[in-house]
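Here is what each chain is made of, one letter per residue.
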Amino acid sequence: MKKDIIVLGIESSCDETAASVVKNGREVLSSIVNSQIDIHKQYGGVVPEIASRNHVQNIDVVVKEALDQAKVGIKDIDYVAVTYGAGLVGALLVGVSFAKAFCQANDIPLVKVNHIEGHICANYITHPDLEPPFTCLLASGGHTAIVDVQSYTDYTVLKTTIDDACGEAFDKVARTLGLCYPGGVQIDKLAQNGVADTEFKSVVLKDGNFSYSGLKTGVINYVHNLAQKGIQPDKNNLAKSFTVAAIKGVVDEAVKIADQSHKKLCVAGGVGANSYMREYATQQCDKRGIKIFLPQLKYCGDNAAMIASQGYFLAREGIDLAGLDLNACPTLTLKTKN
Ligand code: KG4
Ligand code: ZN
């Protein structure tokens, strides 16, 4: 009988310290996420040094909790998978250093995982039957791209943002509206009670890539112009108008690409939790007979289960096994189509 492969995933690229135990790449035995949001909220965004300090303080407790909850001992772990990029360098270094020490002390092989690829793998956890190839719309706080997923370990960026990421635009617009960090989820709540009564500039460029800086400036100028006339914007309607502008175009592009290729579209990343994104993408895919896959909400944002999942698929192919010389790579990307 084929042996089950148990992977311990470790994630510390931004403001979540996370650890997870995953069986055979898809079955989550535990997923612990220690979020620092309440700490960073008071500063209006993530403070890198504070994030690193909190990772250092929490990481061993989070890993122990993940093992305990999964009822797995150290001897049962086949691989440790750790995020080594992209992200905040100081934050990444905590996870990487912990993972190296843990593997060295317990004689366990280490796999290095690209955080962006991890987000895509969140879909394998939610959908046991999902197999590549498929098209993925990835939208997070740091990235916005349409990715061609050729295999469990082979990714090509087809379209990408040339400036801000989609989640970043959500957070900046939220700040303009006086909402606290992280703003995406707050805008989502307001937008659910609003109508899109203002049209903002499309984020889709002529070549199918994206730009969010114009949309962000457009919303900020709109709010300031109203303020100069002593008018307060209707926050629900403004949130909905912005959401439609931020999401509709990228979904349309992703659906078009999925329609011309694999007829399967996955959504990934923090913005994948957005209710309009989920509803609109589902609607558009259904219209064209494209199969849509949405990760469970808890696997849209940063977590370590998605890292363990990608770690399993890499280890299975003997790719990206790492040694003690592994370093953090804050600007790690995916390969781009030439
Ligand atoms: O994937 P993620 O957790 O971290 C990165 O890898 O960047 O994404 C975080 C981003 C933040 O910008 C956050 O505001 C956004 O995802 N986000 C949302 C929602 N939930 C999180 N944006 C829109 N609607 C949401 N419901
Ligand atoms: Zn992320």
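Conventions adopted
Residues take numbers from 1 onward in each chain, read along the sequence in its written order. Here chains are named by letter from A upward and ligands by number from 1 upward, in the order in which they appear as written. Only residues with pLDDT of 70 or above have their local features reported here, since the model is predicted, and side-chain atom pairs are shown and tallied only from 80 upward, although totals for entire chains, interfaces and linings are computed over all residues. Calculation of side-chain values draws on the structure's entire complement of heavy atoms; hydrogens and water are dropped beforehand. Nearness of a residue to a molecule or strand requires only that one of the residue's heavy atoms be within 4 Å of it. By the criterion applied in these results, polar contacts are pairs of N or O atoms within 3.5 Å in which, for protein atoms, one can donate a hydrogen and the other can accept it, and in which residues neighboring in sequence qualify only through two side-chain atoms. Computed with the Shrake-Rupley method and a 1.4 Å probe, the accessible areas treat only the protein chains shown as cover for residues. Residues are grouped as follows: Ala, Val, Leu, Ile, Met, Phe, Trp, Tyr, Cys and Pro are nonpolar; Asp, Glu, Lys and Arg are charged; all remaining types, including Gly, are polar. Annotation comment: domain bounds sourced from an automatic or database domain assignment. Whether two residues are in contact is decided by their heavy atoms, any of which lying within 4.5 Å being enough. In short, buried area is how much 1.4 Å probe accessible area vanishes from two parts on joining, totalled over both. Salt bridge criterion: a side-chain nitrogen from Lys or Arg within 4 Å of a carboxyl oxygen from Asp or Glu. By the criteria applied, helices consist of DSSP H or I runs no shorter than four residues and strands consist of E runs no shorter than two, each listed in order from the N terminus. Fitting a line to C-alpha atoms yields each axis, with helices limited to the stretch in contact; the angle taken between N-to-C directions then spans 0 to 180 degrees. For this classification, under 35 degrees means roughly parallel, over 145 means roughly antiparallel, 65 to 115 means roughly perpendicular, and everything else is oblique. Throughout, exposure labels follow a simple rule: accessible area from a 1.4 Å probe, protein chains only, divided by the maximum for the residue type, with under 20% read as buried, over 50% as exposed, and the rest as partly exposed. For two strands to be treated as a pair, DSSP must find at least two bridges joining them.

## Structural notes on the site of ligand 1
Inference 1: Taken together, 19 residues surround ligand 1, and among them Gly 141, Asp 171, Asp 188, Gly 270 and Asn 274 come closest.
Inference 2: At a separation of 2.8 Å, an oxygen atom of ligand 1 approaches a polar backbone atom of Gly 141.
Inference 3: For ligand 1, the accessible surface in isolation is 560 Å², of which the surrounding protein chains cover 84%.
Inference 4: Here the shell around ligand 1 is composed, by residue class, of five nonpolar, 11 polar and three charged.
Inference 5: Both of domain 1 (6–120 + 300–322) and domain 2 (132–295) provide at least three residues apiece to the shell around ligand 1.

## Some details on the domain arrangement of the chain
Inference 1: Per the domain assignment, the segments of the chain are domain 1 (6–120 + 300–322) and domain 2 (132–295).
Inference 2: The gap between the C-alpha centroids of domain 1 and domain 2 is 27 Å.
Inference 3: Contact with domain 1, which involves 20 residues of that partner, is made by 20 residues of domain 2.
Inference 4: Between domain 1 and domain 2 lies a buried interface of about 1600 Å² when both sides are counted; carbon and sulfur atoms form 71% of it.
Inference 5: Here domain 1 and domain 2 share zero salt bridges between them.
Inference 6: Our count for the domain 1 to domain 2 interface comes out at six residue pairs in polar contact (both at pLDDT 80 or more).
Inference 7: Those elements giving two or more residues to the side of domain 1 that touches domain 2 turn out to be α1 (37–41), α4 (115–126) and α10 (305–316).
Inference 8: When the residues that make up the side of domain 1 that touches domain 2 are grouped by side-chain class, the tally is nine nonpolar, five polar and six charged.

## Overview of the environment of Val 223
Inference 1: When you line up the elements, Val 223 lands in helix α7 (residues 213–228).
Inference 2: Each C-alpha atom, one on Val 223 and one on Pro 233, is 6.7 Å from the other, the two residues being 10 residues apart in sequence.
Inference 3: Ignoring any residue separated from it by four or fewer positions in sequence, one finds Val 223 in contact with Thr 176, Leu 177 and Leu 238.

## Description of the packing of α4 against α10
Inference 1: At a minimum axis distance of 7 Å, the contact between α4 and α10 shows a crossing angle of 95°. Here α4 lies roughly perpendicular to α10, going by the angle between them. Contacts between α4 and α10 involve His 115, Glu 117, Gly 118, His 119, Cys 121, Ala 122, Tyr 124 and Ile 125 from the first element and Ala 305, Met 306, Ile 307, Ser 309, Gln 310 and Phe 313 from the second.
Inference 2: Per-class residue counts for the contact of α4 with α10 are eight nonpolar, five polar and one charged.

## Concerning the pattern of salt bridges
Any two side chains of opposite charge can pair, given that their charged atoms come close.
Inference 1: Using the criterion set out here, one finds 14 salt bridges in the structure.
Inference 2: Across the pair Asp 252 and Lys 248 runs a salt bridge whose closest N-O atoms are separated by 3.6 Å. You can see Asp 252 and its partner Lys 248 sitting in helix α8 (residues 235–260), four residues apart, about one turn around the helix.
Inference 3: Put simply, Asp 259 and Lys 263 hold a salt bridge, and the shortest N to O gap is 2.5 Å.
Inference 4: The exposure class assigned to Asp 259 is partly exposed, which follows from its relative accessible area of 27%.
Inference 5: Relative accessible area serves as the criterion here: at 36%, Lys 263 is assigned to the partly exposed category.
Inference 6: A cluster of three or more residues bridged by salt bridges with shared partners is formed by Asp 164, Glu 168, Lys 172 and Lys 216.

## Section: the pairing of strand β1 (residues 6–11)
Inference 1: With respect to burial, β1 is a largely interior element, six of its six residues being buried.
Inference 2: Side chains of β1 alternate between two faces, with Ile 6, Leu 8 and Ile 10 and Val 7, Gly 9 and Glu 11 buried alike.
Inference 3: Here β1 folds back onto strand β2 (residues 16–23), and the loop between the two strands holds four residues.
Inference 4: The pairing of β1 with strand β4 (residues 79–85) spans four bridges and is parallel. In the sheet register, Val 7 faces β4, and the bridge partner there is Tyr 79.

## Observations regarding the environment of Ser 30
Inference 1: Assignment of secondary structure puts Ser 30 in strand β3 (residues 27–35).
Inference 2: Setting aside its immediate chain neighbours within four residues, Ser 30 contacts Ser 20, Val 21, Ala 66, Gln 69 and Ala 70.

## Some points on the sheet that holds strand β8 (residues 154–160)
Strand pairing in a sheet is mediated by backbone hydrogen bonds. Such pairs are either parallel or antiparallel.
Inference 1: Pairing in this open sheet of six strands is mixed, and the strands run β10-β9-β6-β7-β8-β12 from one edge to the other. The open sheet has two free edges, formed respectively by β10 (291–293) and β12 (335–336), since each of these has just one partner strand.
Inference 2: Here strand β6 (residues 134–139) pairs with strand β9 (residues 264–268) via four bridges, running parallel. Its bridge partner being in β9, Leu 138 is matched across the sheet by Ala 268.
Inference 3: The strands that α8 touches are β6, β7 (144–151), β8 and β9; relative to β6, the one it contacts most, it runs at about 165°.

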